[in-house]
Amino acid sequence: MSRQLYEFPGGLKFETFKEITATIPAIQHPLPNRIILPVRQHIGIPSVPTVRKGEHVLKGQPIAEADGYVSIPLHASTSGTVIDIGDYPVPHAGEHEATCIVIEPDGKDEWFDIQPTDDYLTVDPKQLQEIIRSCGITGLGGAGFPAHVKLNEGVVNIVDTLIINGVECEPFITCDDRLIQEKAHYVVSGTRMIRHAVQAKHCVIAVEDDMPKAYEALANWIDDDIELIKVPKRYPAGGEKQLIQTLTGKEVPSGGLAIHIGIVMHNVATAAAVYRAVTRGEPLISRYVTIAGEVETPRNLQVLLGTSVNDCLKACGYEHNDEHMIILGGPMMGMHIRNPDIPIIKTTNCILVKKLEPAATELPCIQCGDCYNACPIKLMPQELYRNAKTDNFAETQQYHIFDCIECGCCSYVCPSNIPLVQYFRYAKSQIAAEERRRDGADLARKRFLEHNKREQAKIEAKRPSRPVIETSSNPSMDEKRNYIEGAVSRTLKKRSKTKKILDKRNSD
Amino acid sequence: MINQQLLTSPHRHDGSSVRTKMLWVCVSLIPGIACYTWFFGPGILIQCLLAIVFALLVESVLLKIRKQKLSVFLLDGSVYVTAILFALMISPFTPWWINFIGICFGLVFAKHLYGGLGNNIFNPAATAYVFILLCFPVAMNQWPSAIDGPSQETSIKNSFKYIFLMPHDSYSENNYDSTSSATPLADMQNRLAAMEMVNEIRTSSQYGNYAGKGWEWVSIFYLLGGIGLIALGVISWHIPVAILGSVFAFSLIFNMYDTNLYPSSLFHILSGGCILAAFFVATDPVTASATPIGKLIYGTIIGGLIYAIRSWGAYPDGVAFAIIIANGLVPMIDEYTRPYIIGEN
Amino acid sequence: MMMELMFVAMFVAIFVGIQYFYHFINIKNAPSIQGKDVADHIERLLPQTQCGQCHYEGCRPYALAIASGEASIDQCPPGGQQTVTAIRDLLGKETKFINLPLNQEFNSMVATIDEDYCIGCVKCINACPVDAIVGAPKQMHTVIKGNCTGCELCIPPCPVNCIDMVPTRVKTNEWVWEKPEPAYRESR
């Protein structure tokens, strides 16, 4: 069974240094002495903690619930006591702190009562999605989009092809490679489950052509129902849009999603997590993480979520120092972190230690067009840069800035050493901030209008009370006098009545 | 927390730099310059050196005035490229002070007033040459005749005499002797205007097998360097192909229309600054179009203008004019040839 | 004869081409608004803080005043220079204006009531132009942060001075990336 492969434009070919970690079996990282679980480990709304400080939790017990549709629950990685719920540093490019649940493990690693599903084929796809959602599974490829949202596409739309993405195009990262080699059965079974959930007509597992062992491992497990494809090694072949283009020749519409062309894509690690969730009811509490670069023993670790980056690095014989930098993720899209005490979250695939080199001097753009040739989306990075630099955000949108996948190819080849990707992120976040500001202003405007209307109504309501009497009946002096006398007598009567009541009360 | 500068992705780079790009351009000009020296004496080397010295001086002053870092911009290499290209466009017999004026004008008006490297609209070398050509037409029409060996004593003497000892006050054609002459292109234009036939003109001693004697070989060596640049990936093939292709096509059409009035395609391509412009001047990334289709249009406009000015214009070689006019059109070309992105259709 | 005709044809082609492109460019620069909509468009450009610093009751009244020519366009401190420039561009006429500082802080401050001291006098509730304060007489009041525009109008009426302006905390997902600063200038 062979499938015609297509080429995506641009991209880069470079050395990937994967052999070092791809050949060493992953080991289970020991239980850390503290587990920090951020309530937001996915794209979407943060989960809401359901446990209290001091409460004892079991491994796999839900400790935070989903808040809305694009949100997922969170589970305790091990049994222990919740010692704090508060702000701790999280993996964030702006070095922010966010709400985290901190657990002190009791060392027993006791499991919560989890429910396996007997036969997934008999389960309604909708229910399968609910299982996956309740197990807190996000896309493990890097973006961290809640998995059930993508699975739900199968209910709303017709899914032509399900692609399971095993293409790790970033250098150094081998966690998916190792996972496939060691748990190929999980991946293949998980793939079948996802396929059932989205009701896909075709199903493809794609790996890169420099992962021969992973390919063999998968080939042992798959039948004719799943296509196994090797794609040529090129960066960023593992990007969603690029892999779809490579496998199907279709282009994801600008500003659209893969589902618009009938394709759903999940990561191999997501497939494995789905397998565990369905067959054992096991929530997502651990993942494979590649520790690579300038550490003593680079390798893959199976780490409980919430373990600190520093712990993992120490396990591989590295003590953080000034001369090295820690990158979460690969060298092309990874995030430089200065504080190694942040936790590993669902989307952390690699910890890379690299010699610190000062940023090269940025020169002005000479319009050489190398970035255009490298861009896998065929954007014009030089024009985007020119407009982002001058804060001309409307124009950057004309040049489709939101189609940029921030793969870093343009910055990689730029002879002027311009941090192009950084400029694009700046422009994107500024546009988003501007939109929020505009929304806020719109809300304020509406509320002000309502407020004014009400104030106006109050004034109107007060004003007519007098003129109504005057105009409706044009009373003579006698009538007026009668009216006034009547009112006075009524008041006196009322007063004497209250006096009586008061006297009575006093006497009692 | 460790005190480091927060870096952003990607944390890798392919090691390319503006400097290496510019140096490769300079290096690929070496075969052309060597051939030039072989046929026309060492005047061109003197011009190159003078231009580089002047350019570095002027650039340093301008950078200081604009409060930019000398360490960054003097080493980016763009100033060497401008200087050498300017020197290759002017006559090897140009007096030193004209060279200086040209460099000054090019760097001040075409480069730094627009904001320096990367922001200029017009190619500084071409602008400088156009300025010189308009201001000192006589000096720009005196070119050395081809000589057949490197050890011509007279040519060295001549070069020195013309470059350094030319009296400024009595500056006219009478100051030049028989070792200088008009370029074959100028000669061709003048004699065609005097109703001579192409074939007759081509028989005089100034002409070689395809174009001007000596000039054809210089052009071929430029071509070799240019192909090297394309092979190295420093420039793309679009602009040279479009320029040479359009010059070839236009000259072929008119040559077929009347062989006696219009010289052959090869004559046009191998004469004057056509190949130098196609590979080195017009491909200056800053001033050229950035989109693939735009590059082809830009090149075609230059090629068409080169041919039009040569055939019907007042100047024997319109390369610099053509490039500057096309430079001015680049923003519009780029606007209308914006490529489609993935998923836009 | 052939040549002259060709030249004429070429120039005609060039000029027609230029006209064609100018046609496009002119459409782009044509004034986009007319008549009654002016006030609506101006209002869209105002920051909607409803703070009354322009000496009008709110943004809408100020926009109406600008549209009628009664008010000048430089009376909006929260909007700062950006707003002045935007309105000037919209109206397409040169209006005299002073340089207002760019007010970046304004939107990032919200009022907060110190609940220990609030006496429940309702004065701040009446002062708030966007109904961002909830509470009842003799009951403790509080500010709905998401609706507060930071106009500071509630601060003067408070008899016990228990309202403070506090900077809003940047949310993790609303964080704005820093703009790179090239280092080739000697000094700024």
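Fair warning: this is a prediction, and the values are worked out from it, not measured in the lab. (Residues numbered from 1 in each chain as written. Chains lettered and ligands numbered in written order. Predicted model: local features only at pLDDT ≥ 70, side-chain atom pairs only at ≥ 80, totals over all residues. Heavy atoms only, no water.)

1. As for the overall build of chain C
Argument step 1. Looking only at helices and strands, one finds five helices and four strands in chain C.
Argument step 2. Taken from N to C terminus, the helices and strands of chain C fall in the order α-α-α-α-β-α-β-β-β.
Argument step 3. Here chain C holds 188 residues, and the buried ones make up 34% of them.
Argument step 4. For chain C, contacts bridging at least 24 residues in sequence account for 50% of all contacts bridging at least 6. (Helix = DSSP H or I, 4+ residues; strand = E, 2+ residues; numbered from the N terminus. Buried < 20%, exposed > 50% of the residue type's maximum accessible area, 1.4 Å probe, protein only. Contact = heavy atoms within 4.5 Å.)

2. Describing a negative patch on the surface
Argument step 1. A cluster of like negative charges, contributed by D114(C), E115(C), D116(C) and D164(C), occupies part of the molecular surface.
Argument step 2. By the secondary structure assignment, D164(C) is in strand 4 (residues 163-167). (Patch = residues over 30% accessible without salt bridge, like charges linked within 9 Å, V, L, I, M, F, W, Y side chains within 5 Å. Areas by Shrake-Rupley, 256 points an atom, 1.4 Å probe, with all protein chains shown as cover. Salt bridge = Lys/Arg side-chain N within 4 Å of Asp/Glu carboxyl O. Lys, Arg positive; Asp, Glu negative; His and termini not counted. Charge placed at Lys NZ, Arg CZ, Asp CG, Glu CD.)

3. A few points about the nonpolar core
Argument step 1. By size, the foremost hydrophobic cluster in this structure holds 99 residues, and its most contacted members are L88(B) and Y298(B).
Argument step 2. Of all the elements, helix 3 (residues 43-65) of chain B adds the most residues to this core, at eleven residues.
Argument step 3. Filtering out sequence-adjacent residues up to four positions away, L88(B) remains in contact with L29(B), I33(B), Y36(B), I44(B), C48(B), Y222(B) and L276(B).
Argument step 4. Of all hydrophobic cores here, the second largest spans 71 residues; its members include I131(A), C175(A), I194(A) and V268(A). (Core = buried A, V, L, I, M, F, W, Y, C linked by side-chain atoms within 4.5 Å.)

4. Side note on the interface of chain B and chain A
Argument step 1. Contacts between the two partners involve 36 residues from chain B, matched on the other side by 62 residues from chain A.
Argument step 2. Summing both partners gives a buried area of about 4,300 Å² for chain B against chain A, and 59% of it is carried by carbon and sulfur.
Argument step 3. Counting across the interface, chain B meets chain A through two salt bridges.
Argument step 4. For the salt bridge of R338(B) with E395(A), the shortest nitrogen-to-oxygen distance reads 4.0 Å.
Argument step 5. The class makeup of the residues in the side of chain B that touches chain A is 17 nonpolar, twelve polar and seven charged. (Buried area = accessible area lost by both parts, 1.4 Å probe. Nonpolar A, V, L, I, M, F, W, Y, C, P; charged D, E, K, R; others polar.)

5. Digging into the domain arrangement of chain A
Argument step 1. The assigned domain composition of chain A is domain 1 (19-304) and domain 2 (465-502).
Argument step 2. Each of domain 1 of chain A and domain 2 of chain A was reduced to a C-alpha centroid, and the two centroids are 79 Å apart. (Domains from an automatic or database assignment.)

6. With respect to the packing of aromatic side chains
Argument step 1. Applying the stated criterion to the full structure yields 26 aromatic pairs over all chains.
Argument step 2. Between F105(B) and F109(B), the aromatic rings sit 4.8 Å apart at their centres with planes inclined by 25 degrees, giving stacked as the arrangement. Placement of both F105(B) and F109(B) in helix 6 (residues 96-111) is noted, with a separation of four residues, approximately one turn of the helix.
Argument step 3. Seen from their ring centres, W175(C) and W177(C) are 4.9 Å apart, and the 50 degrees between their planes marks the pair as tilted.
Argument step 4. Directly above the ring of F14(A) sits R12(B), whose terminal nitrogen or CZ lies 4.7 Å from the centroid. (Phe/Tyr/Trp six-rings, centres within 6.5 Å; stacked < 30°, edge-to-face > 60°. Lys NZ or Arg CZ within 6 Å of the ring centre and 35° of its normal.)

7. As for the sheet that holds strand 5 (residues 62-65) of chain A
All names here are of chain A.
Argument step 1. If you trace the three strands from one edge of the open sheet to the other, you get 3-5-6, paired in antiparallel fashion. Of all strands in the sheet, those with a lone pairing partner are strand 3 (48-49) and strand 6 (74-75), marking the two edges.
Argument step 2. With two bridges joining them, strand 3 and strand 5 adopt antiparallel strand pairing. The partner of P49 across the bridge, within strand 5, is A64. (Pairing = 2+ DSSP bridges.)

8. Some thoughts on the domain arrangement of chain C
Residues and elements named next belong to chain C.
Argument step 1. When the domains of chain C are assigned, the result is domain 1 (37-91) and domain 2 (109-167).
Argument step 2. Summarising the inter-unit geometry, the C-alpha centres of domain 1 and domain 2 are found 25 Å apart.
Argument step 3. Counting from both sides, the interface comprises four residues of domain 1 and, opposite them, five residues of domain 2.
Argument step 4. In total, about 340 Å² of surface goes out of reach between domain 1 and domain 2, with carbon and sulfur atoms giving 61% of it.
Argument step 5. Contact with domain 2 buries surface across domain 1, with T49, Q50 and C51 losing the most and accounting together for 87% of the total.
Argument step 6. At the surface where domain 1 touches domain 2, the tally comes to zero salt bridges.

9. Some words on a nonpolar patch on the surface
Residue and element names in this part refer to chain B.
Argument step 1. Residues W96, F100, I156, F160, F164 and L165 make up a contiguous nonpolar surface patch of about 560 Å² in total accessible area.
Argument step 2. Counting only elements with at least two residues in the nonpolar patch, the list comes to helix 6 and helix 8 (153-164).
Argument step 3. Broken down by element, the residue count for the nonpolar patch peaks at three residues, all from helix 8.
Argument step 4. Among the structural elements, I156 can be located in helix 8.
Argument step 5. Residue class for I156 comes out partly exposed when judged on its relative accessible area of 40%.

10. Some remarks on the interface of chain C and chain A
Argument step 1. Taken residue by residue, the interface counts 35 residues in chain C and 33 residues in chain A.
Argument step 2. Of the roughly 3,000 Å² buried at the junction of chain C and chain A (both faces included), carbon and sulfur atoms supply 56%.
Argument step 3. For the pair chain C and chain A, the interface holds three salt bridges.
Argument step 4. As a salt-bridge pair, D442(A) and R44(C) come within 3.5 Å of each other at their nearest N and O atoms.
Argument step 5. At the junction of chain C with chain A, the criterion picks out eleven residue pairs in polar contact (both at pLDDT 80 or more).
Argument step 6. Of all the secondary-structure elements, those providing two or more residues to the side of chain C that touches chain A are helix 2 (37-45) and helix 3 (59-67) of chain C.
Argument step 7. Per element, the largest residue contribution to the side of chain C that touches chain A is three residues, and it comes from helix 3 of chain C.
Argument step 8. The class makeup of the residues in the side of chain C that touches chain A is 14 nonpolar, ten polar and eleven charged. (Polar contact = N/O pair within 3.5 Å; in protein donor to acceptor, adjacent residues only side chain to side chain.)

11. As for the sheet that holds strand 4 (residues 56-57) of chain A
All names here are of chain A.
Argument step 1. Within the open sheet, the four strands sit side by side as 2-8-7-4. Their pairing is antiparallel. In the strand order of this sheet, the two ends are held by strand 2 (35-38) and strand 4, each with one partner.
Argument step 2. As paired elements, strand 2 and strand 8 (residues 97-105) share four bridges and run antiparallel to each other. Note that in strand 8 the partner of I36 across the bridge is V102.

12. As for the pattern of salt bridges
Argument step 1. This model, assessed by the stated rule, comprises 31 salt bridges over all chains.
Argument step 2. One salt bridge connects E182(A) with R178(A), and the closest N-O pair in it is separated by 2.8 Å. Here E182(A) pairs with R178(A), and both are found in helix 4 (residues 175-198), just four residues apart, close to one helical turn.
Argument step 3. The residue K21(B) makes a salt bridge to D370(A) at a minimum N-O spacing of 3.0 Å. In this pair, K21(B) is assigned in helix 1 (residues 18-28) and D370(A) in helix 9 (residues 370-374), connecting two distinct chains.
Argument step 4. Relative accessible area serves as the criterion here: at 11%, K21(B) is assigned to the buried category.
Argument step 5. One salt-bridge network, held together by shared partners, links R192(A), D223(A) and D225(A).

13. Here we look at the side chain of E362(A)
Residues and elements named next belong to chain A.
Argument step 1. Residue position: E362 is located in the loop between strand 17 (350-355) and helix 9.
Argument step 2. Buried and unpaired, E362 has K389 as its nearest opposite-charge partner, separated by 4.1 Å.
Argument step 3. A polar side-chain atom of E362 sits 3.0 Å from a polar atom in the side chain of Y423.

14. With respect to the pairing of strand 10 (residues 202-208) of chain A
As a general feature of sheets, a regular strand has side chains that alternate between the two faces.
All names here are of chain A.
Argument step 1. For strand 10, the buried fraction is high: six of the seven residues fall into the buried class.
Argument step 2. Pairing of strand 9 (residues 161-166) with strand 10 involves six bridges; the strand directions are parallel. Its bridge partner being in strand 10, L162 is matched across the sheet by C203.
Argument step 3. Crossover strand 9 to strand 10 through helix 4 is right-handed.
Argument step 4. Between the parallel elements strand 10 and strand 11 (residues 227-231), the chain passes through helix 5 (residues 212-221) in a crossover that is right-handed. (Right-handed = clockwise from strand over helix to strand, strands pointing away.)

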